[in-house]
Amino acid sequence: MRLLPTSRLRPLSAVAVAALAISALVACGDSGDDKAAAGSATSGTINWWGWTPTDNATAETYISAFNKQYPDIKVNYKLVNISDWVAALRPALASGKGPDVFDMQPGAYVSQFKSFAVDQTPLAQEALGDGWKDKIAPIGISGLSADGKLTAMPVGSVYAGMLWINGDIFKKYSLQPPATLADWKHVCEVLKQNKVGCFVQGAAQEGFDQDTLQSIANSVQPGLWTKASTGDAHWNDPGIVKTLGIWKDLFDSGIMQPGAVGYQQYPDANNDFLTGKYGMVMMGTWYTQYATTKAMTAALSAAGVSGAKPFPILPVAFPDVAGAGNTSEMYGDADFGLAISNKSDNQAAAKTFVKWLTTAKEGQQAIADQLNDLPSLKGVEPDFDNIQLVDPATQKDPVAQLIEKANAVTEPRESLLTADVQDAILAAATSVATGKASPQDAADTLQKAAEAAGVTFK
Amino acid sequence: MTTSTRTGRRAGAERTVASGGGRPGRRGPRRPPGLPWILPALVLSVGLIYYGIGYTGYISTLNWDGISPGPQHLGGQNYSRIMHDPVFWEAIRHTVVFFVVTFVVQTVLGLVFAVLMHAKIRLGAFYKVIVFIPVVLAPSIMAPVFRHMFAPDGELNWVLQHIGLGSLAQPWIGQTGTALPVIMFITIWEWTGVTFVLYYAAMTQIDPSVLEAARMDGAGNLRALVSIIWPEMRGTTTALAMLGAIGALKTFDVPYLVTIGGPNHATEFLGTYIYRQTIPLNHVGYGAALSIILLVVALLMALGLQFAGRRAER
């Protein structure tokens with residue numbers, strides 16, 4: 001049965017096809033032009049996406065403090081796991097339907113997302129004056145700048161290069177924090193005899209493997225890791241080969257937990273440490289927040305432990321695993337900055353929020369008191385009178401010393417590494433750990449991968 | 001088979017009419033009468049699917065992060081790099097092992113379950129549901145369960161330790177030698193229900209008189225299974241092999257959710273490697289080249305299995 005002759009349908013089909021094509025072109029034509037100063041600066045709703053703060057409660061603390069001053073700006077925080085961050089953020093930003101404000105980390109993320117971010121230099125000048133660079137931790141500015149643009153305002157910094165121990169476990173078995181590799185092995189033996197896990201690491205995630213490797217490298221030869229990152233030393237330098245050899249020893253001697261290369265730092269290793277299964281974990285200053293009763297209780301709940309009693313965690317120096325007498329120095333970057341999407345319809349409100357959290361004393365004090373980040377604004381420090389630690393008697397001094405020490409750190413953590421080099425470091429770490437490659441072979445492969453990724457070596 | 005033979009005859013008859021019965025002097029071939037009716041679907045499929053494939057093919061010649069303007073044209077360099085990429089070949093090897101193991105085990109289990117259910121066992125309907133339930137459970141829901149089950153302090157090791165097999169306890173998904181078998185186990189658990197249902201349905205098509213005659217000739221259960229039921233299942237087995245092969249090539253969810261393709265690429269498949277290259281590493285051009293290779297391999301495999309199935313039917 002024919003409802004219409006074909007000849008009459010032909011022009012209709014052509015029109016339909018043309019309409020489809022035009023509508024597609026029109027849809028594509030909605031380009032991401034900057035929508036500078038869109039919306040009101042004192043009211044509206046803004047969506048903030050981030051992988052950190054790693055729990056909604058901390059983000060809500062910041063937001064509620066902000067709302068005391070700006071009650072008409074509603075901030076919705078969406079927590080995205082860091083392993084899903086790129087996959088979630090890229091299409092969201094490209095579509096123009098994504099967040100108004102998003103977290104930005106120095107290094108690979110800046111190069112990936114800088115084209116979606118508003119330059120925040122004017123915001124910094126407006127908030128802090130022409131000398132704004134002197135008022136913010138320099139480690140935050142350099143890592144978040146690219147192509148002459150400040151892609152995000154630094155919120156705070158994080159530093160790594162230390163271990164965190166479960167104070168109760170160490171006290172129960174009369175153990176001292178390990179100072180050398182031999183000490184570390186002894187601590188693990190004692191804990192294993194008592195059916196307690198020793199050290200837990202998510203060795204399947206590159207960022208955390210890098211932390212442990214950088215700490216080992218700092219024990220072997222201080223500064224070597226940074227030199228390799230900048231191309232001033234080769235990744236197959238004998239010091240890096242030795243670093244990978246010690247890394248392998250951590251697995252062979254049973255310091256690392258069984259199956260570590262199949263573990264994620266978050267949630268696996270984090271949950272195992274917080275539930276008391278292990279006595280030690282490699283985390284940075286962001287873990288300081290769990291020294292507080294409030295954050296520790298929330299974290300235990302998130303780890304699936306109901307009604308658990310918070311225990312005191314303590315930062316300890318990374319052991320001198322190379323036995324060369326080098327105290328492993330810490331290293332750090334801006335933890336994250338807040339970027340404003342150039343496709344946001346609420347840029348004015350977004351700027352108000354970012355300016356308050358990153359440059360206002362109240363906002364930075366809220367950051368400092370959470371102990372998740374060290375505030376980027378100089379002169380702001382945690383107010384320990386308002387911070388309730390799980391066990392102030394044992395925790396207050398180590399935590400205060402950690403913060404003081406971190407403020408003097410200049411060695412970068414991840415900001416010098418591209419995604420390709422980070423991937424190559426992970427490949428080297430896991431191939432050595434699983435015995436698929438010798439430290440020398442893995443270091444040679446890493447060097448080739450870094451060269452292929454465009455790193456220029458001297 | 002019967003249907004295709006009939007269709008073939010009809011088509012042959014239509015060709016005869018068209019060639020011999022057309023009016024002399026008519027210009028060009030007759031326009032197929034159904035074109036207007038399939039046009040919307042055609043526009044949609046050409047526009048969405050084939051355009052997408054073509055665009056992916058174009059991207060595969062670029063060095064591009066998917067966002068930046070001015071991608072660099074590389075010609076076929078991405079493809080030649082893939083040929084020298086050890087992770088790609090590892091993914092191919094995993095795909096082949098995965099297909100062979102999962103297909104064989106699922107076929108045996110599905111066939112055995114189907115035969116048992118046809119034997120009118122007690123609580124048969126209940127068992128059918130039990131076997132089929134994993135098919136409807138989303139991998140994203142089950143992945144955390146399996147991650148926990150196979151963890152060093154997980155349920156599997158707990159059971160082993162409590163039945164005197166503690167020496168076998170190990171970090172199943174945390175070592176290269178056992179991670180892939182775990183992924184295959186989960187897949188078999190998940191998809192055996194489909195194999196079972198298809199075999200069960202196919203068995204209802206077997207003429208009972210044939211089985212009855214075999215019984216009268218003295219054939220036992222095993223002989224009936226091997227000589228009558230299994231040959232009758234050939235079409236179903238071919239279809240399952242094709243689905244299994246394409247499924248193996250497309251495998252992504254279970255290895256990504258349970259092991260993230262690790263440890264050390266031990267459970268890397270083409271799907272996870274394409275994702276790894278395209279999203280976290282931003283090598284969109286390289287990922288597109290891998291996708292095109294995946295498409296070509298899938299087409300060749302489907303054609304090969306189809307051809308093998310037809311030859312076996314003859």
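None of these values were measured; they are calculated from a predicted model. (Residues numbered from 1 in each chain as written. Chains lettered and ligands numbered in written order. Predicted model: local features only at pLDDT ≥ 70, side-chain atom pairs only at ≥ 80, totals over all residues.)

S.K.: In this structure, what is going on with the overall build of chain B? I would like to understand it.
M.R.: A tally of helices and strands in chain B yields 14 helices and two strands. Sorting the 314 residues of chain B into buried and exposed places 28% on the buried side. (Helix = DSSP H or I, 4+ residues; strand = E, 2+ residues; numbered from the N terminus. Buried ≥ 20, exposed ≤ 12 C-beta atoms within 10 Å, placed from the backbone.)

S.K.: Explain the sheet that holds strand S12 (residues 374-375) of chain A here, please?
M.R.: For sheets, the rule is that strands pair by backbone hydrogen bonds, running either parallel or antiparallel. Residues and elements named next belong to chain A. Taken in spatial order, the six strands make up an open sheet running S2-S1-S3-S11-S6-S12, and their pairing is mixed. Every other strand in the sheet has two partners, leaving strand S2 (73-79) and S12 as the edge strands with one partner each. Pairing between strand S3 (residues 101-104) and strand S11 (residues 331-340): four bridges, direction antiparallel. Bridge assignment links Phe-102 to a residue of S11, and that residue is Ala-339. (Pairing = 2+ DSSP bridges.)

S.K.: What am I meant to see in the interface of chain B and chain A here?
M.R.: Interfaces are often sized by the amount of accessible area the parts lose when they come together. Taken together, the contacts link 23 residues of chain B with 25 residues of chain A. Elements supplying a minimum of two residues to the side of chain B that touches chain A: helix H2 (35-59) and helix H8 (176-203) of chain B. For the side of chain B that touches chain A, the element with the most residues is H2 of chain B, which contributes five residues. Considered class by class, the residues forming the side of chain B that touches chain A number 14 nonpolar, eight polar and one charged. (Contact = placed C-beta atoms within 7 Å. Nonpolar A, V, L, I, M, F, W, Y, C, P; charged D, E, K, R; others polar.)

S.K.: How should I be thinking about the sheet that holds strand S7 (residues 162-166) of chain A in this particular structure?
M.R.: All names here are of chain A. With mixed pairing, the four strands of this open sheet are ordered in space as S8-S9-S7-S10. Looking at which strands have only one partner, the edges of the open sheet turn out to be strand S8 (197-200) and strand S10 (313-317). Mean inter-strand twist for the sheet, computed between neighbouring axes without regard to direction, equals 25 degrees. (Axes fitted to C-alpha atoms, helices over the stretch in contact; angles between N-to-C directions.)

S.K.: I keep staring at the confidence of the model for chain B and nothing clicks. Help me out?
M.R.: Atom-level detail of predicted coordinates should not be read off regions where pLDDT is low. All names here are of chain B. Scored by pLDDT, chain B has a mean of 86; 89% of the residues are at 70 or more. Least confident of the elements in chain B is helix H1 (residues 2-21), whose mean pLDDT is 39; most confident is helix H3 (residues 77-83), at 96. Predicted confidence is poor over residues 1-25, with pLDDT under 50, and the contacts of this stretch with residues over four places away or in other chains come to zero contacts. Predicted complex, confidence summary: ipTM 0.75, pTM 0.80. (pLDDT = per-residue confidence, 0-100.)

S.K.: Would you mind going over the domain arrangement of chain A with me for this structure?
M.R.: Residue and element names in this part refer to chain A. Partitioning chain A into domains gives domain 1 (44-158 + 334-383) and domain 2 (162-329 + 403-452). Taking only C-alpha atoms into account, the centre of domain 1 sits 28 Å from that of domain 2. Contact residues are listed per partner, giving 16 residues for domain 1 and 20 residues for domain 2. Across the side of domain 1 that touches domain 2, the residue classes break down as eight nonpolar, five polar and three charged. (Domains from an automatic or database assignment.)

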